[in-house]
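# Architecture at a glance
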There are 2 protein chains.
Amino acid sequence: MLKAIRILGIDPGSRTTGYGVVEQTGFDLTFVGCGVVKSTPELPMLQRLKEIYDGICGVIRRHEPHHAAIEQVFVAKNPSSALTLGQTRGVLLLAVSQFAMPLQEFSPKTVKQAVAGYGQAGKEQMQQAVRALLKLSATPSADAADALAVAMCCANHLAVSRAADRVK
Amino acid sequence: MLKAIRILGIDPGSRTTGYGVVEQTGFDLTFVGCGVVKSTPELPMLQRLKEIYDGICGVIRRHEPHHAAIEQVFVAKNPSSALTLGQTRGVLLLAVSQFAMPLQEFSPKTVKQAVAGYGQAGKEQMQQAVRALLKLSATPSADAADALAVAMCCANHLAVSRAADRVK
């Protein structure tokens, strides 16, 4: 019997971090949950990092994923925004590490290709593709859709690797 | 009676993070401890961030500082190193936040000015100045000396603020 694997996709942002959880059984993919972890812009960075960390830990406890996936950074426009994004990624990766989940990173192009079939897909195209593929009754927000897309890309990747293992 | 305040200075680096703890009573400054938290270069970033986080949490539990200080980034040469440094800073700042310590940030120039009396002081000058001011029997490593210097700069700053409050 095929084992179900839960995958958490993360789309990091210092204001809004998107998350999406999918469950994969063989090549079958089902939606588990999605949403955003927000930090309060008025607070100092110190408190905001704690909000993001506590938020993602809550998501992990609630959905109990086995695997995590994140987008490779597509290096930020300038060193200052790269530093801020790096701080956010740092606390998110720490949570993944503390829950002992394996992590895979995918380029934005690979994610778009896997989900929308087109490496240059725009935000709306991604939201529509995620909604259609997961048979959702509503369109997820752009951040949640991006996170679901990373999780779906990872699911594809894991399914293909396992299928290749069986052929060997 | 003047209350003693313990200050933790942090010099973040993805391979080696320096830390230094000083205790301040009025304008008196004494050395408490210093060293480095290392991460294993051969491990994936996920595990390295956990090593850094666990390391700094251990330092905080051992020395019980009341206050933390860190250098402002002096924005890294390129977005990619800014992202890596950001991830390290993220987990360090999370630890400071979880132990509910106030944090102050100082520019490298302010730190050098405060400790060596000269904003362009080199690594060795900083190590010698830290050793002399704290009456250490040995010269601390460059990373530990930088961290002690940030803690000393913060101590100065706090002493001056308190003195100013008493004058009001």
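To keep things clear, this report deals only with the structure shown in the data block.

Cut-offs applied
- Residues numbered from 1 in each chain as written.
- Chains lettered and ligands numbered in written order.
- Predicted model: local features only at pLDDT ≥ 70, side-chain atom pairs only at ≥ 80, totals over all residues.
- Heavy atoms only, no water.
- Least-squares fit on C-alpha atoms with pLDDT ≥ 70 in both.
- Contact = heavy atoms within 4.5 Å.
- Helix = DSSP H or I, 4+ residues; strand = E, 2+ residues; numbered from the N terminus.
- Axes fitted to C-alpha atoms, helices over the stretch in contact; angles between N-to-C directions.
- Parallel < 35°, antiparallel > 145°, perpendicular 65-115°, else oblique.
- Left-handed = near helix turned anticlockwise from the far one by under 90°.
- Nonpolar A, V, L, I, M, F, W, Y, C, P; charged D, E, K, R; others polar.
- Pairing = 2+ DSSP bridges.
- Buried area = accessible area lost by both parts, 1.4 Å probe.
- 1 Å grid on protein atoms, 1.4 Å probe; cavity = no way out; pocket = protein on both sides within 12 Å on 5 of 7 lines; lining within 4 Å.
- Points joined across faces, edges and corners; volume = space filled by probe spheres on them.
- Buried < 20%, exposed > 50% of the residue type's maximum accessible area, 1.4 Å probe, protein only.
- Polar contact = N/O pair within 3.5 Å; in protein donor to acceptor, adjacent residues only side chain to side chain.
- Salt bridge = Lys/Arg side-chain N within 4 Å of Asp/Glu carboxyl O.

## Points about the relation of the copies chain A and chain B
Mapping chain A onto chain B leaves a residual RMSD of 0.0 Å; the transformation is a rotation of 180 degrees accompanied by 0.0 Å of translation along its axis. The superposition of one copy onto the other is thereby described by a two-fold rotation axis. Here 100% of the contact residues of chain A are again contact residues in chain B; the copies associate through an equivalent surface.

## Some words on the side chain of A:Glu71
Note on placement: A:Glu71 falls in strand S4 (residues 67-71). Other than its neighbours up to four places away in sequence, A:Glu71 contacts A:Ile10, A:Arg89, A:Glu105, A:Phe106, A:Pro108, A:Val111 and A:Val150.

## Looking at the packing of helix H4 (residues 123-133) of chain A against helix H5 (residues 142-167) of chain A
Residue and element names in this part refer to chain A. Running from N to C, H4 and H5 point in directions that differ by 60 degrees, and their axes come no closer than 9 Å. Put simply, H4 runs oblique to H5. The handedness of the crossing between H4 and H5 is left-handed. On H5, the residues that touch Lys-123, Met-126, Gln-127, Val-130 and Leu-133 of H4 are Ala-142, Ala-145, Asp-146, Leu-148, Ala-149 and Met-152. The residue inventory of the contact of H4 with H5, partitioned by class, reads eight nonpolar, one polar and two charged.

## With respect to the sheet that holds strand S4 (residues 67-71) of chain B
Residues and elements named next belong to chain B. Taken in spatial order, the five strands line up as S3-S2-S1-S4-S5 in an open sheet, and their pairing is mixed. Whereas interior strands pair on both sides, the edge strands pair on one side only; in this sheet they are strand S3 (28-38) and strand S5 (103-106). When strand polarity is set aside, the average angle formed by the axes of neighbouring strands in this sheet is 20 degrees. Pairing analysis gives ten bridges linking strand S2 (residues 16-25) to S3, with the strands arranged antiparallel. For Gln-24, the partnering residue across the bridge sits in S3 and is Leu-29.

## Overview of the interface of chain A and chain B
Counting from both sides, the interface comprises 26 residues of chain A and, opposite them, 26 residues of chain B. Among the residues of chain A in contact with chain B, A:Leu46, A:Leu83 and A:Leu94 are the three that bury the most area, contributing 28% of the side total. At the level of elements, helix H1 (45-63) and helix H2 (79-98) of chain A are the ones that each hand at least two residues to the side of chain A that touches chain B. The element best represented in the side of chain A that touches chain B is H2(A), accounting for 15 residues. Of the residues in the side of chain A that touches chain B, the class split is 16 nonpolar, eight polar and two charged.

## Notes on the packing of helix H3 (residues 108-116) of chain B against helix H4 (residues 123-133) of chain B
All names here are of chain B. For the pair H3 and H4, interaxial distance at closest approach is 9 Å and the crossing angle is 50 degrees. Considering their axes alone, H3 and H4 lie oblique with respect to each other. Once H3 is placed against H4, the crossing between them reads as left-handed. Across from Val-111, Lys-112, Val-115 and Ala-116 in H3, the residues of H4 making contact are Met-126, Ala-129, Val-130 and Leu-133. Within the contact of H3 with H4, the residues separate by chemical class into seven nonpolar, no polar and one charged.

## Quick notes on empty space enclosed by the protein
All names here are of chain B. A full pass over the atoms with the stated rule returns one cavity of 30 Å³ or more. Approximately 30 Å³ is the volume attributed to the largest cavity. As for the largest cavity, its lining consists of Leu-2, Gly-26, Phe-27, Ala-159, Arg-162, Ala-163 and Arg-166. Its residues assigned to classes, the lining of the largest cavity comprises four nonpolar, one polar and two charged.

## Notes on the environment of A:Gln24
All names here are of chain A. Along the chain, Gln-24 falls in strand S2 (residues 16-25). The class for Gln-24 is buried, based on a relative accessible area of 2%. It is 24 Å that separates the C-alpha atoms of Gln-24 and Ala-121, two residues lying 97 residues apart in sequence. With residues near it in sequence (within four places) discarded, Gln-24 still touches Lys-3, Ala-4, Ile-5, Ile-7, Leu-29, Ala-155, Asn-156, Leu-158, Ala-159 and Arg-162. Here the side chain of Gln-24 touches Ala-155 through a polar contact of 2.5 Å, landing on its backbone oxygen.

## Quick word on the pattern of salt bridges
With the rule as written, the count across this model stands at eight salt bridges over all chains. Here A:Lys50 makes a salt bridge to A:Asp54, at a shortest N to O gap of 3.0 Å. Here A:Lys50 and its partner A:Asp54 are both found in helix H1, four residues apart, which amounts to about one turn of the helix. Note on A:Lys50: relative accessible area 28%, which makes it partly exposed. Notably, a salt bridge pairs B:Asp146 with B:Lys123, separated by 3.3 Å at the nearest N-O pair. One end of the pair, B:Asp146, is in helix H5 (residues 142-167); the other, B:Lys123, is in helix H4, and 23 residues separate them in sequence. On the basis of relative accessibility, which here comes to 14%, the residue B:Asp146 falls in the buried class. For B:Lys123, a relative accessible area of 52% corresponds to the exposed category.

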